[in-house]
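# Fold and geometry: a report
One letter stands for each residue in the lines below.
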Amino acid sequence: MRGTESALASPLIRFAETGLDRAASIATWPLAEGSRAVMRSRDLMRGVLTGLGLGNDAIDDGVVMVSELVTNALRHACGPFELRLYRSPPVVVCEVVDGSETLPAIPGPRAVHLTLDQIDAIPDPLLLESGRGLDVVHRLSRGWCGAYPTKISTTNRVTGGKAVAFALPLPDPPPPADRT
C-alpha cells in the first residue's frame, strides 16, 4: 500500500490491497463540503463505534481521527467526499474518500514526533494551524493508517480518488456461555 511505511498497519494494508471482506461494509455516506461535514462525520463515527461496543477511549480516538481526516480532505483535496466504515475483524476500518488522486505523506515509524512543550515553543501561530493532523491519526491509530487510490461510490458517475484511512481494533467477543 503506497502512502504508509508502518509495519503495524498490516490489517489496514491487507484491507486496502485485498479488500478483505468489503461485504462487511457498515455504510458509506456522502459528505457535503464545509464544516457540517466534519460534525456529521464525528456523529456518524461515534454512533457506529458505540454500536460496535468499543470503549469510550477508542470511540473518542476514532472521533478525533475522522475529524482530522475530513478536515484535511476539505482543506487539501476536492470533492466529492464520502465517509466509509467497514467491519472486517479484527478491526473496523474508517476511510475518508475525496476526489483527489494525490496521496498524502503518512508519517512512518521513524517520523519525528513533537512533544507538547516543543509544539508550545513554536513562535509562529500559522505553523501550529496545519501539518499535525496525519501525525495525530498515526499516533492514535498506533500506525494503523494509510492512503491508497480508490473510487468514489456515492455519485452517479464513477470517479477516481483516494482514501485516507485508519483502523481500530474491535473488542474481543464475549466468551461463550457455559452450557453445563
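Position labels on residues start from 1 in each chain and follow its written sequence. Local features in this predicted model are restricted to residues of pLDDT 70 or higher, and side-chain atom pairs are both shown and tallied only at a pLDDT of 80 or more, whereas totals for entire chains, interfaces and linings draw on every residue. The basis for every side-chain value is the complete set of heavy atoms in the structure, and neither hydrogens nor water enter the calculation.

### A word on the packing of helix α2 (residues 35-51) against helix α3 (residues 56-76)
Rules: Helix axes are fitted only over the stretch in contact, all axes being lines through C-alpha atoms; the angle between N-to-C directions runs from 0 to 180 degrees. Runs of H or I in DSSP of at least four residues are treated as helices and runs of E of at least two as strands, each being numbered from the N terminus. Between 65 and 115 degrees an angle is taken as roughly perpendicular, under 35 as roughly parallel, over 145 as roughly antiparallel, and anywhere else as oblique. Handedness of a crossing follows from how the near helix is turned relative to the far one, being left-handed for an anticlockwise turn of less than a right angle and right-handed for a clockwise one. Working rule for contacts: check all heavy atoms of both residues, and any pair within 4.5 Å makes them a contact. Under the scheme applied, nonpolar residues are Ala, Val, Leu, Ile, Met, Phe, Trp, Tyr, Cys and Pro; charged residues are Asp, Glu, Lys and Arg; polar residues are all the others, including Gly.
Between α2 and α3, whose axes approach to 9 Å, the crossing angle comes to 150°. Taken together, the axes of α2 and α3 lie roughly antiparallel to each other. Once α2 is placed against α3, the crossing between them reads as right-handed. From α2, Ala37, Val38, Ser41, Arg42, Met45, Arg46, Leu49 and Thr50 reach across to α3, where they touch Ala58, Ile59, Asp60, Gly62, Val63, Val66, Ser67, Val70, Thr71 and Leu74. Here the residues of the contact of α2 with α3 are counted per class, giving 10 nonpolar, five polar and three charged.

### Some details on the environment of asparagine 72
Along the polypeptide, asparagine 72 turns up in helix α3. If near-sequence neighbours (up to four positions away) are discounted, asparagine 72 is found in contact with Ala77, Gly133 and Leu134.

### Looking at the nonpolar core
Rule in force here: In these notes, a set of buried Ala, Val, Leu, Ile, Met, Phe, Trp, Tyr and Cys residues joined through side-chain atoms within 4.5 Å is what counts as a nonpolar core. Only protein chains enter the area calculation, which uses a 1.4 Å probe; residues under 20% of their type maximum are buried, those over 50% are exposed, and those in between are partly exposed.
Judged by nonpolar contacts, the single largest core of 32 residues is most densely connected at Met45, Val66, Leu83 and Phe166. Looking at this core, the elements with two or more residues in it are β1 (25-31), α2, α3, β2 (81-88), β3 (91-98), α6 (133-140), β4 (145-152) and β5 (159-169). The biggest single contributor to this core is α3, with seven residues. Aside from chain neighbours lying at most four places away, what touches valine 66 is Ser41, Arg42, Met45, Leu83, Cys94, Val96 and Phe166. One finds Val93, Val97, Trp144 and Ala165 within the second-largest nonpolar core, a separate group that totals 10 residues.

### Notes on unusual backbone geometry
Geometrically, the link from glycine 79 to proline 80 is a cis peptide bond, its omega value of 0° lying close to zero. Within the fold, proline 80 resides in the loop between α3 and β2. Here arginine 142, not a glycine, exhibits a phi torsion of approximately 55°, which is positive. With respect to the helices and strands, the residue arginine 142 is situated in the loop between α6 and β4.

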